[in-house]
Amino acid sequence: MKKKLLKLSACFLTLFVFLSSVTAHAATFNIGFDTNCEAIELVNLDTDTIVYEKNPDKRREPASTTKIMTFIIASEQIKDLDGTKITVTKQVVDKLLGTGSSLSGIKEGDQLTALQLLNCMLVPSGNDAALVLADYVGKGDVDSFVDRMNQKAKALGCTGTHFANPHGLHDENHYTTARDLYKITKYAMSLPHFTEITSQTRYTYKPAGGPDAGKSRTLSTTNYLIDRNALGGQYYYRYARGIKTGHHDQSGYCLVSSATAEGYTYLCVALGAPDVTASGKEIKTRGEMLDTAALFRWAFRNLELKSVLNTGDSVGEVKLKDAWNKDKLLLVAEKNYSAMLPSNVSASSIIVTKHIPDTISAPVKKGQVIGTATLSYANQPLTTINLVASESVERSELLHSANTVKSIFTSTWFIVVAIIIVLLVIIYIILALIYNRKKKNLRRVKKYRNM
């Protein structure tokens, strides 16, 4: 039953991603408390609205949250995840010796399916599984796999991301941003298996081949936000769903997670929580877990989806030319629009800034885009919508002809030419007068001489 629900959730998220834009609209609200992480992006997935962000474009090492992109590349390059069997080699396992890596416990000689390796990579955050997948997809060249990661990041619109490995170990050339990691995760959520895998607290499997073939192994999640049994449940948040943890000395603690409650779904990227040791105790406070849970609680308690505009709502009007007995055209919203707003804020608080031409000319078709309107709240843009004609209007040929003539006679070039012509006429008249006067004086001189 649980697996069916997870698959249904994955299907919903897949549909959502394809129906929504990749770029989130900013509507950052005041959360009223301090956070531990260096960079945060909290997004309402129902409306693709960023409701809180902190240093969203600051470059940070993502540590093991890198494996979200590793999942994307591996799952898209390996067509049959459940049927493809991969053998773990000594060469690949030895690459991680002495690195202090988080491991899933896979062994040299193990034969695992690609799907099993994806589980080993994401649930216990196995660097070994990530490297095996990268080596397999890259045909022995891990760097070529990493190249694919960077190409995919660019294709997803990431502008502050560069990967140097498939697992997230420290590298000065390995970085991302909270905003970019949101884009990467949102895309990953649209792929088969991702949401199902990352929502697990335990994963049990049997190697398909090798020395331990048929022997059961169980792995536990590193995400205490979804595991009520970890550390006495001190970080457990009942509405959380996945997704991926990360940590090393340079990155600090990182967490990408989603939560669903009250009909809303949020995605939170929290990067760079410091290692904080409680006073007098050897207990570290996991700031990324605390931040994420606090932000989810704040969002669910304080924000609501409110209808701002409905299709056909009047948004303004524009002057109309060439139409009989009609000099203005009503403009309406092209589509419905709803926004995440504080519960105590009315939809009427949304500011509508129109961008429409001074005039338009008939004919006009109903539904024709005439201009746009930017909706904003607290001086922050929410979205831009199209404004369309509320009705069709035919053109009056008589008025069109009259307006054409009028436009010609009132145009700048016509006025300039007319002024030039008038000046030339005046000059001609003056010259003619001067000439006639001289001619008349010349006649008088001749007449005087003849006398």
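Remember, it's a predicted structure, so these values are computed and weren't measured experimentally.

(A) Molecular detail of the overall build of the protein. In terms of regular secondary structure, the protein is built from 11 helices and 20 strands. Within the span of the protein, comprising 451 residues, buried residues form 48% of the whole. Taking as baseline every contact in the protein between residues at least 6 positions apart, the subset at least 24 positions apart corresponds to 65%. Surface exposure of the protein reaches about 23400 Å², of which carbon and sulfur atoms provide 53%.

(B) Expanded view of the pattern of salt bridges. Overall, the coordinates contain 15 salt bridges when judged by the stated rule. Residue Glu53 pairs with Arg179 through a salt bridge whose shortest N-O separation is 3.6 Å. In this pair, Glu53 sits in strand β3 (residues 49–54) while Arg179 sits in helix α7 (residues 178–188), placing the two residues 126 residues apart along the sequence. Here Asp227 ties to Arg202 by a salt bridge, and the two come within 2.9 Å at their closest N and O atoms. Pair noted here: Asp227 is in the loop between β7 (217–220) and β8 (240–248) and Arg202 is in strand β6 (residues 202–205), with a separation of 25 residues, a long-range link. Asp227 gets classed as buried once you look at its relative accessible area, which sits at 5%. Overall, Arg202 belongs to the partly exposed group, its relative accessible area being 35%. Linked by salt bridges that have partners in common, Lys107, Asp110, Asp212, Lys215 and Arg217 make up one network.

(C) Expanded view of the environment of Arg59. Of note, Arg59 is situated in the loop between β3 and α2 (67–77). With relative accessibility at 51%, the residue Arg59 sits in the exposed group. Aside from chain neighbours lying at most four places away, what touches Arg59 is Gly160, Tyr175, Thr176 and Thr177. At 3.4 Å, the side chain of Arg59 forms a polar contact with the side chain of Tyr175.

(D) Fine view of the nonpolar core. Within the largest apolar cluster, 60 residues are counted, with the highest numbers of intra-cluster contacts made by Met69, Ile106 and Ile184. Ignoring sequence-local partners within four residues, the contact set of Ile184 consists of Ile68, Met69, Ile72, Leu156, Cys158 and Phe163. Counting residues in hydrophobic clusters, the runner-up holds 56 residues, among them Tyr237, Phe296, Leu331 and Tyr377.

(E) A look at the state of the cysteines. On inspection of all chains with the given rule, the structure shows zero disulfides. Cysteine Cys37 shares no disulfide, and the gap to the nearest cysteine sulfur, in Cys254, comes to 7.5 Å. What makes Cys37 buried here is its relative accessible area of 1%.

(F) Seen up close, the packing of α2 against helix α4 (residues 114–122). Between α2 and α4, the shortest axis-to-axis distance is 10 Å and the interhelical angle comes to 170 degrees. Considering the angle they form, α2 stands roughly antiparallel to α4. Contacts between α2 and α4 involve Lys67, Thr70, Phe71 and Ala74 from the first element and Leu118, Met121 and Leu122 from the second. Here the residues of the contact of α2 with α4 are counted per class, giving five nonpolar, one polar and one charged.

(G) Main features of the packing of α2 against helix α5 (residues 127–137). The geometry of α2 relative to α5 is characterised by a closest axis approach of 10 Å and an angle of 40 degrees between their N-to-C directions. Considering how the two elements wind past one another, α2 and α5 form a crossing that is left-handed. Residues Lys67, Thr70, Ala74 and Gln77 of α2 lie in contact with α5, whose contacting residues are Asn127, Ala130, Leu133 and Val137. A breakdown of the residues in the contact of α2 with α5 according to their chemical character gives four nonpolar, three polar and one charged.

(H) Quick peek at the pairing of strand β2 (residues 39–44). Taking burial as the measure, the six residues of β2 include six buried ones, the bulk of the element. On β2, burial covers both faces: Ala39, Glu41 and Val43 on one face and Ile40, Leu42 and Asn44 on the other are all buried. The sheet contact formed by β2 and β3 spans five bridges and is antiparallel. If you follow Glu41 over to β3, its bridge partner there is Glu53.

(I) Region of the structure containing the confidence of the model for the protein. The pLDDT averaged across the protein works out to 88; a share of 87% of its residues lies at or above 70. Scored below 50 in pLDDT, residues 1–24 makes 31 contacts in the model with residues more than four places away or belonging to other chains.

Rules of the game
- Residues numbered from 1 in each chain as written.
- Predicted model: local features only at pLDDT ≥ 70, side-chain atom pairs only at ≥ 80, totals over all residues.
- Heavy atoms only, no water.
- Helix = DSSP H or I, 4+ residues; strand = E, 2+ residues; numbered from the N terminus.
- Buried < 20%, exposed > 50% of the residue type's maximum accessible area, 1.4 Å probe, protein only.
- Contact = heavy atoms within 4.5 Å.
- Areas by Shrake-Rupley, 256 points an atom, 1.4 Å probe, with all protein chains shown as cover.
- Salt bridge = Lys/Arg side-chain N within 4 Å of Asp/Glu carboxyl O.
- Polar contact = N/O pair within 3.5 Å; in protein donor to acceptor, adjacent residues only side chain to side chain.
- Core = buried A, V, L, I, M, F, W, Y, C linked by side-chain atoms within 4.5 Å.
- Disulfide = S-S within 2.5 Å.
- Axes fitted to C-alpha atoms, helices over the stretch in contact; angles between N-to-C directions.
- Parallel < 35°, antiparallel > 145°, perpendicular 65-115°, else oblique.
- Nonpolar A, V, L, I, M, F, W, Y, C, P; charged D, E, K, R; others polar.
- Left-handed = near helix turned anticlockwise from the far one by under 90°.
- Pairing = 2+ DSSP bridges.
- pLDDT = per-residue confidence, 0-100.

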